[in-house]
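# What the coordinates show
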Amino acid sequence: MHVGRELFAAGVLPYGAQDLVMACGGYNNNSQRSDGAYDLTNDGSGSLADCEIYDVAKDEWMTNVAALPVPRDNHAGVSLADGRFVVVGGRVLLNDGRTDSCLAYTHTNRGPLPDDPAKLVEIQEVIAGTRPVSGMSLTVEEIEVIMTHGRWDSFPSLNTKRSNHAICLVQGGFVHRECIVATGGWDAEHTAELYDPQEGRWFNLPCRTRHPRKFHAMASIDTHGDRSLAELFRSLSRDADFIE
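Residues numbered from 1 in each chain as written. Predicted model: local features only at pLDDT ≥ 70, side-chain atom pairs only at ≥ 80, totals over all residues. Heavy atoms only, no water.

## Here we look at the sheet that holds strand β5 (residues 76-79)
Note the following rule: By this definition, two strands are paired if DSSP reports at least two bridges between them. A run of H or I in DSSP becomes a helix once it reaches four residues, and a run of E becomes a strand once it reaches two; helices and strands are each numbered from the N terminus. Axis definition: a line fitted to C-alpha atoms, over the contacting stretch in the case of helices. Angles run 0 to 180 degrees between N-to-C directions.
Overall, antiparallel pairing links the four strands, which are arranged β5-β6-β9-β10 in an open sheet. The sheet terminates laterally at β5 and β10 (151-155), the two strands that pair on one side only. Across this sheet, the average inter-strand angle for adjacent strands is 25°, counted without regard to direction. Where strand β9 (residues 102-106) meets β10, five bridges bridge the pair, whose relative direction is antiparallel. Within the sheet, the bridge partner assigned to Ala 104 lies in β10 and is Asp 153.

Shown next as structure tokens:
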């Protein structure tokens, strides 16, 4: 990667025939600024908004990727079947620490091209390497939008602020649609919640884990057969150790 990072989120981006890997946010102590200023790359603490995407076919990292709206670390990420990469919770120091906010990244090869034919020619020449960026009539803001891959959109927030938590997809078997389960994390060590895309919101699961969980990992294994979401919730209320 072009930026060293830890405590970041990563996942595969299903984008057509391309194999892409997203790495977003995280922490890099060497990125601290002496003046403690806040910007999109660094919030003064080493937390990053920077994102990179690895193109498997080209064996290279793309850096002109849309940054997170604010720096974030200690978050979790999961790739959805619809091609989006969802970032869940984490630490956002601009919001005083742990957050319940979630974001969804949608990959595009580049931003929308200008309608002006002359500007369109300029962009094509820059991409082809026959014109320097400094020689364009487009503004810096216009160039940034056009040359940047992807965008971040809002996604329903968690019910509980979480960082250093774990998430995974639950798809098929005991639920009939792709759902996200989030467990544990600081100040939420015994709790879990589930995102139902049909309802468009997170539900607190009616149980507690037997042991406090943070800095952990999750994987989905279907051992419940073909059961509805309502049946799953009823079973969870009886089985306090379902995440163990």
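## Section: the confidence of the model for the protein chain
Here is the rule: The quantity called pLDDT is the predictor's confidence in a given residue, expressed from 0 to 100. The contact definition used throughout considers only heavy atoms, calling two residues in contact when any of these lie within 4.5 Å.
Here the protein chain averages 77 in pLDDT, while 69% of its residues score no lower than 70. When mean pLDDT is compared element by element in the protein chain, strand β6 (residues 85-88) scores highest at 96, while helix α3 (residues 229-238) scores lowest at 47. Ignoring residues within four places in sequence, the model shows residues 32-43, a span with pLDDT below 50, making 27 contacts including any to other chains. Within the model, the stretch residues 226-244 combines pLDDT values under 50 with 43 contacts to residues more than four positions away or in other chains.

## Description of the pattern of salt bridges
In a structure, side chains of opposite charge can pair up when their charged atoms sit close to one another. How we decide: Should a side-chain nitrogen of Lys or Arg be within 4 Å of a carboxyl oxygen of Asp or Glu, the pair is scored as a salt bridge. The classification of residues rests on relative accessible area computed with a 1.4 Å probe and restricted to protein chains. Under 20% of the type maximum is buried, over 50% is exposed, and intermediate values are partly exposed.
Considering all chains together, one arrives at eight salt bridges under this definition. Residue Asp 50 pairs with Arg 5 through a salt bridge whose shortest N-O separation is 2.3 Å. Pair noted here: Asp 50 is in the loop between β2 (18-24) and β3 (51-55) and Arg 5 is in the segment before β1 (9-15), with a separation of 45 residues, a long-range link. Of the two residues, Asp 50 and Arg 5, both sit in the buried class. Here Asp 82 makes a salt bridge to Arg 84, at a shortest N to O gap of 2.9 Å. The class for Arg 84 is partly exposed, based on a relative accessible area of 28%.

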